[in-house]
Amino acid sequence: MSYALLRHRDVPGIRDFSVYRDNDGYRALERALGLTPEEVIEMVTASGLRGRGGAGFPTGRKWSFLPRDGRERVLVVNADEGEPGTFKDRELLEHNPHQLLEGILIAAWALGAPASYIYIRGEFREGYDRLAKAIREASAAGFVGTHVAGSAFSHSIHVYRGAGAYICGEETALLESLEGKRGQPRVKPPFPALSGLYGLPTVVNNVETLMNVPLILVSGPERYRRVGPAESPGYKVVSLSGRVARPGNVEVPLGIPIRDLLDMAGGVAGGRSLKAFIPGGSSMPLLTPEAVDTSYDFESVRRAGSQLGSGGIIVLDSEACIVDAVRRVVRFYRDESCGKCTPCREGTYWNAEVLERWERGLGREADLDVLLDVSNNINESSLCPLGPASTGLLVSALTHFRGEFLEHLQGGCPLAPNHRLEVVVG
């Protein structure tokens with residue numbers, strides 16, 4: 001197949017400026033600079049491009065929210081990919097950085113932003129080095145800095161390395177960290193479009209979102225929209241992991257059946273049967289095998305009872321213990337809670353404590369209602385999405401696999417009889 005985002009698989013060395021340029025690199029930017037900012041925003045809006053970072057909000061609408069009050073505007077790129085089960089942005093950063101830079105420059109022109117800031121996950125050292133090299137190459141060629149591509153537009157790009165905090169994937173916590181403060185979410189409103197980085201009107205976009213923008217400028221919004229369903233058009237990079245034969249990233253048009261995505265990963269490893277899968281990273285509700293023919297797009301996955309999220313499919317096979325899987329995920333969110341709001345700080349702690357008891361065979365049936373009650377309080381009262389993220393897998397597991405939880409009351413995990421003993425002794 002021909003790749004739009006994972007272009008390095010078709011064109012070796014495309015992370016280098018000369019190779020990228022020889023393969024129509026920065027042509028979309030040159031076209032954008034020949035249009036007005038309003039025309040570029042109209043094209044992105046007409047394309048139907050939705051954010052690829054998790055929420056799936058229409059990108060053109062997000063750009064149009066910035067107030068026209070004379071203040072300087074800012075573009076922030078969220079490259080802090082910390083969602084378990086998601087590793088698409090890492091590959092894109094490491095192997096196709098110039099397409100990200102081109103998307104940034106087009107967006108910055110449309111927004112009227114003189115500067116952009118890339119907030120990259122601190123562990124992505126190779127991605128950081130290659131991105132920094134790409135910025136130097138683009139600057140030397142006249143595509144970053146003053147008079148971009150010979151135009152009157154000037155733009156600087158800055159890269160900031162995070163420190164490995166999951167919460168900084170939330171846009172306002174990311175902005176706080178960029179400002180040198182502790183990475184904790186802000187109370188909204190005001191939203192970043194009105195008061196973002198240093199109080200300026202700010203747009204925060206995901207890496208994959210911006211890398212779709214050059215495709216729209218080159219092909220036109222009508223052609224781009226012909227790929228995928230009407231409500232979820234375009235291409236998507238999907239991370240496949242868990243109990244699959246060939247984990248990794250695949251690039252597909254949105255709307256492909258989930259069954260086909262699993263086939264691309266070689267199916268369930270070891271010839272075992274599919275027990276459940278999480279369609280959009282660890283923060284999303286799990287789905288059972290009955291949903292495997294669901295179309296992989298924002299609306300269809302939502303109707304099936306989950307969300308497309310960040311695009312990371314995690315597969316659980318027939319030998320996986322649901323209780324242990326949920327326990328580990330909830331423990332992760334407990335550890336990553338920033339502690340700013342009580343429902344998340346206390347709720348994630350108590351959910352993790354209850355699940356630890358169940359793993360040791362010390363649970364009580366009444367605990368299941370306690371877990372649901374605590375999760376409900378977290379969902380209704382948390383300051384930011386991390387709280388609800390910690391409950392998605394838990395609540396869905398209790399809904400679909402309550403019987404497996406109850407089996408743990410009869411002497412530990414039926415799938416791993418010695419597991420409970422190992423936990424107690426350890």
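Residues numbered from 1 in each chain as written. Predicted model: local features only at pLDDT ≥ 70, side-chain atom pairs only at ≥ 80, totals over all residues. Heavy atoms only, no water.

Trainee: Could you give an account of the overall build of the protein chain, with specific residues and numbers?
Mentor: Within the protein chain, the regular secondary structure consists of 18 helices and eight strands. Computed over C-alpha atoms, the radius of gyration of the protein chain comes to 22 Å, within 12% of the 22 Å expected from 2.2 N^0.38 for 426 residues, which places it in the range of a compact globule. If one aligns the C-alpha atoms of the protein chain with their principal axes, the spans along those axes are about 75 × 45 × 35 Å. Residues counted as buried form 57% of the 426 residues belonging to the protein chain. Considering only contacts in the protein chain between residues 6 or more positions apart, those separated by 24 or more positions represent 70%. Summed over its atoms, the accessible surface of the protein chain is roughly 17,100 Å², and 51% of this surface lies on carbon and sulfur atoms. (Helix = DSSP H or I, 4+ residues; strand = E, 2+ residues; numbered from the N terminus. Rg over C-alpha atoms; globule rule 2.2 N^0.38 Å. Buried < 20%, exposed > 50% of the residue type's maximum accessible area, 1.4 Å probe, protein only. Contact = heavy atoms within 4.5 Å. Areas by Shrake-Rupley, 256 points an atom, 1.4 Å probe, with all protein chains shown as cover.)

Trainee: Any chance you could break down the state of the cysteines for me, citing the residues and the numbers?
Mentor: Summed over all chains, the structure comprises zero disulfides. With no disulfide partner, cysteine 168 has as its closest neighbouring cysteine sulfur the one in cysteine 338, 9.0 Å distant. (Disulfide = S-S within 2.5 Å.)

Trainee: Give a description of the pattern of salt bridges that names residues and reports values.
Mentor: Under the definition given, this model contains 36 salt bridges. Here glutamate 404 makes a salt bridge to lysine 275, at a shortest N to O gap of 2.6 Å. A residue pair is termed long-range when its members are at least 10 positions apart, and glutamate 404 in helix α17 (residues 402-407) and lysine 275 in strand β7 (residues 274-278) qualify at 129 residues. You'll find glutamate 404 and lysine 275 in the same group, each marked buried. A salt bridge links arginine 328 to aspartate 324, with the nearest nitrogen and oxygen atoms 3.1 Å apart. Taken together, the residues span about one helical turn, with arginine 328 and aspartate 324 both in helix α13 (residues 322-336) at a distance of four residues. Classification of arginine 328 as partly exposed rests on a relative accessible area of 45%. (Salt bridge = Lys/Arg side-chain N within 4 Å of Asp/Glu carboxyl O.)

Structural measurements only, silent on function.
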